[in-house]
Amino acid sequence: QVQLVESGGGLVQAGDSLRLSCAASGINFARSAMAWFRQSPGKEREIVAAIGRSATNTYYPDSMKGHFTISRDNAKRTVYLQMNNLKPEDTAVYYCAANPSAILTAPLHYGYKNWGQGTQVTVSS
């Protein structure tokens, strides 16, 4: 019943920007922590950004800080990932994830229970 639907991926050139969207249904979105993960061939899945029930509570790996920005719009039940200055190494399938039982102070780097099907981002050089 939980559904997370990613969109916004595509083929872009290095230096371009994309904004990914994840539309959520079947969960109490406002009470869910949300995150974006990615996986590229030959690499492990990695978290790229997360946002708590409070939109001011965000998490980024050090390598992502200043590169990607996560945001949420509770009225639209949507989480976004703004990706600027894309590089070929950003090529991956990007997945939206939710933790629908998160507390306000929940850690953001793990605990995600629901997953979307992913959207492909390909960055050419």
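Each value, and the rule that gives it
- Residues numbered from 1 in each chain as written.
- Predicted model: local features only at pLDDT ≥ 70, side-chain atom pairs only at ≥ 80, totals over all residues.
- Heavy atoms only, no water.
- Phe/Tyr/Trp six-rings, centres within 6.5 Å; stacked < 30°, edge-to-face > 60°.
- Helix = DSSP H or I, 4+ residues; strand = E, 2+ residues; numbered from the N terminus.
- Buried < 20%, exposed > 50% of the residue type's maximum accessible area, 1.4 Å probe, protein only.
- Lys NZ or Arg CZ within 6 Å of the ring centre and 35° of its normal.
- Salt bridge = Lys/Arg side-chain N within 4 Å of Asp/Glu carboxyl O.
- Disulfide = S-S within 2.5 Å.
- Pairing = 2+ DSSP bridges.
- Core = buried A, V, L, I, M, F, W, Y, C linked by side-chain atoms within 4.5 Å.
- Contact = heavy atoms within 4.5 Å.

Undergrad: Explain the packing of aromatic side chains to me, please; I cannot follow it from the model alone.
TA: Each aromatic ring pair is specified by the distance between its two centres and by the angle formed by the two planes. Going through the model one piece at a time under the given rule, you end up with three aromatic pairs. Judged by centre distance (4.7 Å) and plane angle (55°), the ring pair of Phe 37 and Trp 115 falls under tilted. Within this pair, whereas Phe 37 is found in strand β4 (residues 33–39), its partner Trp 115 is found in strand β10 (residues 114–115), the two being separated by 78 residues in sequence. Among the residues examined, Phe 37 registers a relative accessible area of 6% and is labelled buried. Relative to Tyr 94, the ring of Phe 68 lies with its centre 6.3 Å away and its plane at 65°, an arrangement referred to as edge-to-face. Of this pair, Phe 68 sits in strand β7 (residues 68–73) while Tyr 94 is found in strand β9 (residues 92–99), placing the two residues 26 residues apart along the sequence. Three or more aromatic residues link up through ring pairs in this structure, and these residues are Phe 37, Tyr 112 and Trp 115. The ring of Phe 29 has Arg 72 sitting right over it, with the charged end atom 4.5 Å from the ring centre.

Undergrad: Can you walk me through the pattern of salt bridges in this structure?
TA: Two side chains that carry opposite charge are able to pair once their charged atoms sit near each other. This structure, assessed with the given rule, holds three salt bridges. We note a salt bridge from Asp 90 to Arg 38, for which the minimum N-O separation is 3.0 Å. Placement of the pair is Asp 90 in the loop between β8 (78–83) and β9 and Arg 38 in strand β4, with a sequence separation of 52 residues. The partner of Lys 65 in a salt bridge is Asp 62, and the shortest N-O contact between them spans 3.3 Å. Look at Lys 65 and you get exposed, because its relative accessible area is 53%. One continuous salt-bridge network, built from bridges that share partners, spans Arg 38, Glu 46 and Asp 90.

Undergrad: Just checking my understanding: could you explain the state of the cysteines for this structure?
TA: Two cysteines form a disulfide when their sulfur atoms are joined by a covalent bond. Overall, the coordinates contain one disulfide when judged by the stated rule. Two residues share a disulfide in this structure: Cys 22 and Cys 96, whose sulfurs sit 2.0 Å from each other. Sign of the S-S torsion, about -80° for the bond between Cys 22 and Cys 96, identifies this disulfide as left-handed. You can see Cys 22 sitting in strand β3 (residues 18–25) and its partner Cys 96 sitting in strand β9, a full 74 residues away along the chain. Residue class for Cys 22 comes out buried when judged on its relative accessible area of 0%.

Undergrad: Where do I start with the pairing of strand β11 (residues 119–124) in this structure?
TA: The two faces of the sheet receive side chains in turn, since in a regular strand these alternate between them. Here β11 shows a buried face lined by Thr 119, Val 121 and Val 123 and an unburied face lined by Gln 120, Thr 122 and Ser 124. Where strand β2 (residues 10–13) lies against β11, four bridges are found, and the strand directions are parallel. Its bridge partner lying in β11, Val 12 is registered against Val 123.

Undergrad: Sorry, what's going on with the nonpolar core here?
TA: In globular proteins that are soluble, nonpolar side chains generally tend to be buried together. Counting 27 residues, the largest nonpolar core has Met 34, Trp 36, Val 79, Leu 81, Met 83 and Tyr 94 as the members making the most contacts within it. Taken together, the elements giving at least two residues each to this core come down to β3, β4, β5 (46–51), β7, β8, β9 and β11. Not counting chain neighbours up to four residues away, the residues in contact with Val 79 comprise Leu 20, Ser 21, Cys 22, Phe 29, Met 34, Trp 36, Ile 51, Ile 70, Ser 71, Arg 72 and Cys 96.

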